[in-house]
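Structural features, examined
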Amino acid sequence: MTSPDVAAPDWPAPTAAGPLDATVEVPGSKSLTNRYLVLAALADGPGRLRAPLRSRDTLLMAQALRDLGARIEDDPAAPGDWLVTPLPLAGPAGATAGTATVDCGLAGTVMRFLPAVAALADRPVRFDGDAGARVRPMGPVLAALRDLGVEVTEHGEPGHLPFTVAGSGGVPGGAVDVDASASSQFVSGLLLAAARFGRGLTVRHTGPTLPSLPHIEMTVAVLRAAGVEVDDSRPTIWRVEPGSIAARDVRVEPDLSNAAPFLCAAVVAGGTVRVPGWPASTTQPGGLLPGILEQMGATTSLDGDVLSVSGTGVVHGVDLDLRAAGEIAPTIAALAALGDGPTRLRGIAHLRGHETDRLAALSAEITRLGGQAEQTADGLVITPRPLHGGTVRTYADHRMATFGALLGLAVPGVLVQDVATTAKTIPDFVGLWDGMLA
Ligand SMILES: O=C(O)C1=C[C@@H](OP(=O)(O)O)[C@@H](O)[C@H](O)C1
Ligand SMILES: C=C(OP(=O)(O)O)C(=O)O
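The chain appears in an unreviewed UniProt entry as 3-phosphoshikimate 1-carboxyvinyltransferase from Cellulomonas triticagri. One UniProt comment on the chain, placed under Pathway (unreviewed entry), says "Metabolic intermediate biosynthesis; chorismate biosynthesis; chorismate from D-erythrose 4-phosphate and phosphoenolpyruvate: step 6/7." In its Catalytic activity (unreviewed entry) section, UniProt records this for the chain: "3-phosphoshikimate + phosphoenolpyruvate = 5-O-(1-carboxyvinyl)-3-phosphoshikimate + phosphate".

Here's the deal with the overall build of the chain
In terms of helices and strands, the chain carries 12 helices and 23 strands. The C-alpha radius of gyration computed for the chain amounts to 21 Å, which stays within 12% of the reference 22 Å derived for 438 residues, consistent with globular compactness. Counting every position in the chain, which comprises 438 residues, the buried fraction comes to 53%. The contacts in the chain between residues at least 6 apart in sequence include a share of 73% that link residues at least 24 apart.

Examining the nonpolar core
Leu37, Leu39, Leu68, Val110 and Leu190 are the most contacted members of the largest nonpolar core, which totals 75 residues. Grouped together as the second largest cluster of nonpolar side chains are 71 residues, Ala265, Trp278, Ala401 and Val419 included.

Structural notes on the environment of Ala131
Relative to the assigned elements, Ala131 resides in the loop between β7 (124-128) and α4 (139-147). Note: C-alpha distance between Ala131 and Leu106 (25 residues apart in sequence) is 8.3 Å.

Let's talk about the domain arrangement of the chain
For the chain, the assigned domains are domain 1 (11-28 + 254-437) and domain 2 (30-251). Using C-alpha coordinates to define each centre, domain 1 is positioned 29 Å away from domain 2. At the interface, 20 residues of domain 1 touch 27 residues of domain 2.

Quick look at the sheet that holds strand β22 (residues 390-392)
Spatial strand order, β1-β23-β22: three strands in an open sheet with mixed pairing. Two strands lie at the open edges of the sheet, namely β1 (11-12) and β22, each paired on one side alone. Sheet topology places β1 next to strand β23 (residues 414-416); two bridges connect them, and they run antiparallel. Its bridge partner being in β23, Pro12 is matched across the sheet by Leu415. Packed onto the sheet, helix α11 (residues 398-410) meets β22 and β23 and runs at close to 160° relative to β23.

Description of the packing of helix α9 (residues 329-337) against helix α10 (residues 358-368)
Two measures define how a pair of helices packs: the angle their axes make with one another and the distance between the axes. Packing of α9 against α10 brings their axes to within 11 Å, and their N-to-C directions diverge by 25°. Judged on the interaxial angle alone, α10 and α9 are roughly parallel. Note that α9 runs across α10; the crossing there is right-handed. Of the residues in α10, those in contact with Ala329, Pro330, Ala333 and Ala337 of α9 are Arg358, Leu362 and Ile366.

Some details on the site of ligand 2
Taken together, Ala107, Gly108, Thr109, Glu327, His354, Glu355, Arg399 and Thr425 form the complete shell of residues around ligand 2. The residue makeup of the shell around ligand 2 includes at least three contributed by each of domain 1 (11-28 + 254-437) and domain 2 (30-251).

So, the sheet that holds strand β12 (residues 230-231)
Taken together, the four strands give an open sheet; going across it, the order is β10-β11-β13-β12, and neighbouring strands pair in mixed fashion. Single-partner strands in this sheet number two, and they are β10 (174-178) and β12. In the packing of helix α5 (residues 185-194) onto the sheet, contacts are made with β10, β11 (201-205) and β13 (237-240), and the angle to β11 comes to roughly 170°.

Comments concerning α4
Of the residues making up α4, those classed as buried are Pro140, Val141, Leu142, Ala144 and Leu145. Looking at the buried residues of α4, the elements they touch are α3 (108-118), β8 (152-154), β9 (163-166), β10 and α5. Immediately downstream of α4, the backbone of Gly149 shows phi near 90°, a positive value.

Quick notes on the site of ligand 1
Around ligand 1 sit 13 residues, and of these Ser31, Ser183, Ser184, Ser212 and Glu327 come closest. Secondary structure elements with two or more residues in the shell around ligand 1: α3 and α5. Here the shell around ligand 1 is composed, by residue class, of one nonpolar, 11 polar and one charged. Residues from two domains meet in the shell around ligand 1; each of domain 1 (11-28 + 254-437) and domain 2 (30-251) gives at least three.

A closer look at the packing of helix α7 (residues 256-269) against α9
Interhelical geometry of α7 versus α9 gives an angle of 10° and a closest axis separation of 10 Å. Taken together, the axes of α7 and α9 lie roughly parallel to each other. Residue-level inspection shows Ala260, Pro261, Cys264, Val267 and Val268 of α7 in contact with α9, the latter providing Thr331, Ala334 and Leu335. Residues belonging to the contact of α7 with α9 are distributed by class as follows: seven nonpolar, one polar and no charged.

Quick word on the pairing of β10
Pairing geometry for β10 and β11, over five bridges, is parallel. Looking across to β11, one finds that Val176 is bridged to Val203. Handedness of the crossover joining β10 and β11 through α5 is recorded here as right-handed.

Conventions used here
- Residues numbered from 1 in each chain as written.
- Chains lettered and ligands numbered in written order.
- Predicted model: local features only at pLDDT ≥ 70, side-chain atom pairs only at ≥ 80, totals over all residues.
- UniProt positions renumbered as here; feature names shortened; annotations may be inferred.
- Helix = DSSP H or I, 4+ residues; strand = E, 2+ residues; numbered from the N terminus.
- Rg over C-alpha atoms; globule rule 2.2 N^0.38 Å.
- Buried ≥ 20, exposed ≤ 12 C-beta atoms within 10 Å, placed from the backbone.
- Contact = placed C-beta atoms within 7 Å.
- Core = buried A, V, L, I, M, F, W, Y, C linked by C-beta atoms within 7 Å.
- Domains from an automatic or database assignment.
- Pairing = 2+ DSSP bridges.
- Axes fitted to C-alpha atoms, helices over the stretch in contact; angles between N-to-C directions.
- Parallel < 35°, antiparallel > 145°, perpendicular 65-115°, else oblique.
- Left-handed = near helix turned anticlockwise from the far one by under 90°.
- Near = placed C-beta within 6 Å.
- Nonpolar A, V, L, I, M, F, W, Y, C, P; charged D, E, K, R; others polar.
- Right-handed = clockwise from strand over helix to strand, strands pointing away.

Structure follows, in structure tokens:
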């Protein structure tokens, strides 16, 4: 008998029997799906998302927008697509009684993108999420909203979930400073709603470092594609003009960061893995993967829209600044632990505020399997050692689970705790992984 109180058994990560020869269809991008959903909910008419990601993070975003008053429905004529009818945005005169609630789960995009949208709502909106979400940094978002005249009440640790945003039907906008050194999502969340502010918004980043710049560029690109005027000509300052957001019919690119473990499998096991639907140009940070994997010993080619990565099983150690692409760091760390020399990963101090403290988690789990990995002020130094089997702890972090799967290809006896946590961004990770190895 199973009971929800009984933890699922650890997943025995399969070892690779030989070189790979596989094509893997990777589901849609989390970051694009959740941006398109927000913009569709703020648009001036009904829109459509084609091939959106349907995973925990995007289902939470869709549900949250429904809870705020949008309609998001499956299209019976095109299975998988979402039809979006925007939020009413009634203004103060149309104020609705009662508090709406938003469940953020562990999704950074939900907790950082929706408070500014909630400020436009016609009632208070209470935000909360998983236990792990309550320790993720939120302070700069809440401070920025308060600076813009929005009332925010915190219910727990200051600067963290849970909190309530008192939606009052509109935000005057203007200009705001935000320290986004802990997450680029602080900037993206303000920019996504800003065209709906009375005077638009100028956001100025004030912190010492800025992670994940491609994700901010992605925000600017999706806004411009929806007809919003954005000036990003000055480094770390963004200006969004007030105006309407065009209703769109958009197709979501595959999630290139979720393609990473599959592509890296070819580097670890040898052989070739292909991912179709690879965009010719993209703002996804996973677009940096081919270059990184070549440095680590792979060969890559883009034939039409199919990216192929081939490896020999030999992985080179590297010195990499991953500031622009922190979300692929756990995957690169797995490669590094199997490398032929030390690897230094830099520019990723902000990973301490991801789904878990990823620098601590990666260091602990590499060490648990017999490897060597030390934290630095802004990253990791990984020195390959012969690894042995053991149980990889995943800390509710989808990328720690795929990290464990990748190590398991080369190291017999690796078990991955709570592999179901991959559902945060990949439906059926185990099925896709087994399919790649079949
Ligand atoms: O805007 C986005 O969609 C994201 C931005 C990045 O966040 P950080 O800047 O907090 O790393 C990235 O790591 C996350 O997976 C998705
Ligand atoms: C950091 C990540 O997620 P989130 O959007 O929750 O910040 C991630 O997916 O690696």
